[in-house]
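Below are the chains, spelled out letter by letter.
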Amino acid sequence: METPGSQSSLHRANLERVVRAVRLAGSLTQAEIARTTGLSAATVSNIVRELKDGGTVEVTPTSAGGRRARSVSLSGDAGIVIGVDFGHTHLRVAVGNLAHQVLAEESEPLDVDASSTQGFDRAEELVNRLIAATGVDRSKIAGVGLGVPGPIDVESGTLGSTAILPGWTGTKPAEELRGRLGVPVHVDNDANLGALGELVWGSGRGVRDLAYIKVASGVGAGLVISGKIYRGPGGTAGEIGHITLDESGPVCRCGNRGCLETFAAARYVLPLLQSSHGTDLTMEGVVRLARDGDPGCRRVIADVGRHIGSGVANLCNLLNPSRVVLGGDLAEAGELVLGPIRESVGRYAIPSAARQLSVLPGALGGRAEVLGALALALSEMGDSTLLDSTLHAATPAFT
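Reading the values: the criteria
- Residues numbered from 1 in each chain as written.
- Predicted model: local features only at pLDDT ≥ 70, side-chain atom pairs only at ≥ 80, totals over all residues.
- Heavy atoms only, no water.
- UniProt positions renumbered as here; feature names shortened; annotations may be inferred.
- Domains from an automatic or database assignment.
- Contact = heavy atoms within 4.5 Å.
- Salt bridge = Lys/Arg side-chain N within 4 Å of Asp/Glu carboxyl O.
- Polar contact = N/O pair within 3.5 Å; in protein donor to acceptor, adjacent residues only side chain to side chain.
- Phe/Tyr/Trp six-rings, centres within 6.5 Å; stacked < 30°, edge-to-face > 60°.
- Helix = DSSP H or I, 4+ residues; strand = E, 2+ residues; numbered from the N terminus.
- Buried < 20%, exposed > 50% of the residue type's maximum accessible area, 1.4 Å probe, protein only.
- Pairing = 2+ DSSP bridges.
- Axes fitted to C-alpha atoms, helices over the stretch in contact; angles between N-to-C directions.
- Disulfide = S-S within 2.5 Å.
- Parallel < 35°, antiparallel > 145°, perpendicular 65-115°, else oblique.
- Left-handed = near helix turned anticlockwise from the far one by under 90°.
- Nonpolar A, V, L, I, M, F, W, Y, C, P; charged D, E, K, R; others polar.
- Expected span 1.5 Å × (residues − 1).

- By the naming in an unreviewed UniProt entry, the protein chain goes by Transcriptional regulator and is assigned to Streptomyces curacoi.
- A UniProt comment under Sequence similarities (unreviewed entry) is attached to the protein chain, and it reads "Belongs to the ROK (NagC/XylR) family."

1. Considerations on the domain arrangement of the protein chain
Logical step 1: For the protein chain, the assigned domains read domain 1 (7-75), domain 2 (80-195 + 369-380) and domain 3 (206-363).
Logical step 2: The straight-line distance from the C-alpha centre of domain 2 to that of domain 3 is 25 Å.
Logical step 3: Each partner contributes residues to the interface: domain 2 has 16 residues there, and domain 3 has 18 residues.
Logical step 4: At the boundary of domain 2 with domain 3, the tally comes to three salt bridges.
Logical step 5: Between Lys 214 and Asp 190 there is a salt bridge; the shortest N-O distance is 3.3 Å.
Logical step 6: Across the domain 2-domain 3 interface, the total number found is three residue pairs in polar contact (both at pLDDT 80 or more).

2. What to know about the packing of aromatic side chains
Logical step 1: By the definition in use, this model includes three aromatic pairs.
Logical step 2: Ring centres of Phe 86 and Phe 120 lie 5.4 Å apart, and the angle between their planes is 75°; this geometry places the pair in the edge-to-face category. Taken together, the positions of Phe 86 in strand S4 (residues 80-86) and Phe 120 in helix H4 (residues 116-134) put the pair 34 residues apart, joining distant regions of the chain. Of the two residues, Phe 86 and Phe 120, neither departs from the other in class, the shared state being buried.
Logical step 3: Aromatic pair Phe 120 and Trp 168: ring centres 5.2 Å apart, planes at 40°, arrangement tilted. Highlighted residues: Phe 120 in helix H4 and Trp 168 in the loop between strand S7 (141-148) and helix H5 (173-181), separated in sequence by 48 residues.
Logical step 4: Overall, the relative accessible area of 1% leaves Trp 168 in the buried class.
Logical step 5: Put simply, the rings of Phe 86, Phe 120 and Trp 168 touch in pairs and so form one group of aromatic residues.

3. Regarding the sheet that holds strand S5 (residues 90-97)
Logical step 1: Spatial ordering of the open sheet is given by S6-S5-S4-S7-S8, a layout of five strands whose pairing is mixed. Single-partner strands in this sheet number two, and they are strand S6 (102-109) and strand S8 (185-189). Going from strand to strand, the sheet's axes swing by 15° on average, the running direction of each strand aside.
Logical step 2: Two strands pair when backbone bridges link them, and S4 and S5 are joined in this way by seven bridges, in the antiparallel orientation. Residue pairing in the sheet places Ile 82 in a bridge with Val 95 of S5.

4. Describing the state of the cysteines
Logical step 1: Under the definition given, this model contains zero disulfides.
Logical step 2: Free cysteine Cys 252: the closest other cysteine sulfur is in Cys 254, separated by 3.8 Å.
Logical step 3: A disulfide-free cysteine, Cys 259 has its sulfur positioned 3.7 Å from the sulfur of Cys 254, the nearest such atom.
Logical step 4: Of the residues examined, Cys 259 reaches a relative accessible area of 0% and is grouped as buried.

5. Focus: the UniProt feature "domain: HTH marR-type" (unreviewed entry) in the protein chain
Logical step 1: Within the UniProt annotation, "domain: HTH marR-type" (unreviewed entry) is assigned to residues 18-68.
Logical step 2: Across residues 18-68, the secondary structure splits into 57% helix and 25% strand, with the terminal C-alpha atoms separated by 21 Å.

6. Some details on the packing of helix H2 (residues 30-37) against helix H3 (residues 41-53)
Logical step 1: One can describe the packing of H2 onto H3 by two numbers: an axis separation of 9 Å at closest approach and a directional angle of 115°. Considered as vectors, H2 and H3 are oriented roughly perpendicular to each other. Between H2 and H3 the crossing geometry is right-handed. Between H2 and H3, the residues in contact are Gln 30, Ile 33, Ala 34 and Thr 37 and Val 44, Ser 45 and Val 48, respectively.
Logical step 2: Among the residues making up the contact of H2 with H3, the classes are represented as four nonpolar, three polar and no charged.

7. Some points on helix H6 (residues 190-201)
Logical step 1: The terminal C-alpha atoms of H6, which comprises twelve residues, lie 16 Å apart, in line with the 16 Å expected from a rise of 1.5 Å per residue.
Logical step 2: In terms of residue burial, H6 counts as a mostly covered element, since eleven of its twelve residues are buried.
Logical step 3: Looking only at H6, the buried set comprises Asp 190, Ala 191, Asn 192, Leu 193, Gly 194, Ala 195, Leu 196, Gly 197, Glu 198, Leu 199 and Val 200.
Logical step 4: Sitting at the head of H6, Asn 189 places a side-chain oxygen 3.0 Å from the backbone nitrogen of Ala 191.

Spelled out as structure tokens, the structure:
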């Protein structure tokens, strides 16, 4: 047993700091590890050598700033994590290792009217199929990240009201999937996971304060403050779709009038074009037609961008993020939607907040949420098993 404050407990604490830094980032140079953890370069060098000897990390030559460096990542066979994303019309699953490498990924159509039992049956089958395809032993599963399109109560884990999967309201998704797979499952809403995915792998890399705006059947935001997802005490932070833009506007599903969602979500936007473009039009189709020059679709997308920009301006005035990342089908419109968003931000946000803000399209497309689910599983797993294998493999440095 380690005595608190002893050399051995201090050594283990330093090991944990290094392993956690590498686990969350995917890979870091030794200089980056020192900056992230606050440890000296010599201490980091010794710890990395110990972790490498124990098979916990892999060290590869790289360059940083034109100088030779050593990149440190967790060993590819140290374990795996699984990401599961339930969307409006799809189920997507990915399997990744602890070095942030995706080993397998697959997506299937999902009937929006399917029951939660049917949905989890499909998820269980797809997870088992991908694990078999990778050939990884199930004992290596460190955890599962699960994304659902609705608010999750932080205390109970219950899925709140969702118009996207209405038959799932009141279920406990993490508990259900945990019972089926027999491993730890961590759940969050799709906007938060989109933010986490872009933060780790996409357009949010290198920043610590951002908002990921997802515009699809609804409108939501995932908020990252000081490098961490902010959920609020009840798990409902980021409901930017219910900012009021017009008190006399259309009635929203939440019961209020003129919410941002009623001006930007697909269910409200598509009817504007049905008389001229037919009833089979999708948001993806609107974006495609707009990029091809269709004047009606271009006008609608520009209007949506201006409305989103009003919401983003409010967000800037409150939280002052350094970056906003637009996700969902609408992001594929590029400058057709990003330009009007920036225009509204410039008009309605405090000038200093607007100057510091960059507005970018998501880099991960439809994969943002499932990659965010992988990142969630990586962030929630403990380091004890990894460290125990290292400490058992290495000659004890302290007694």
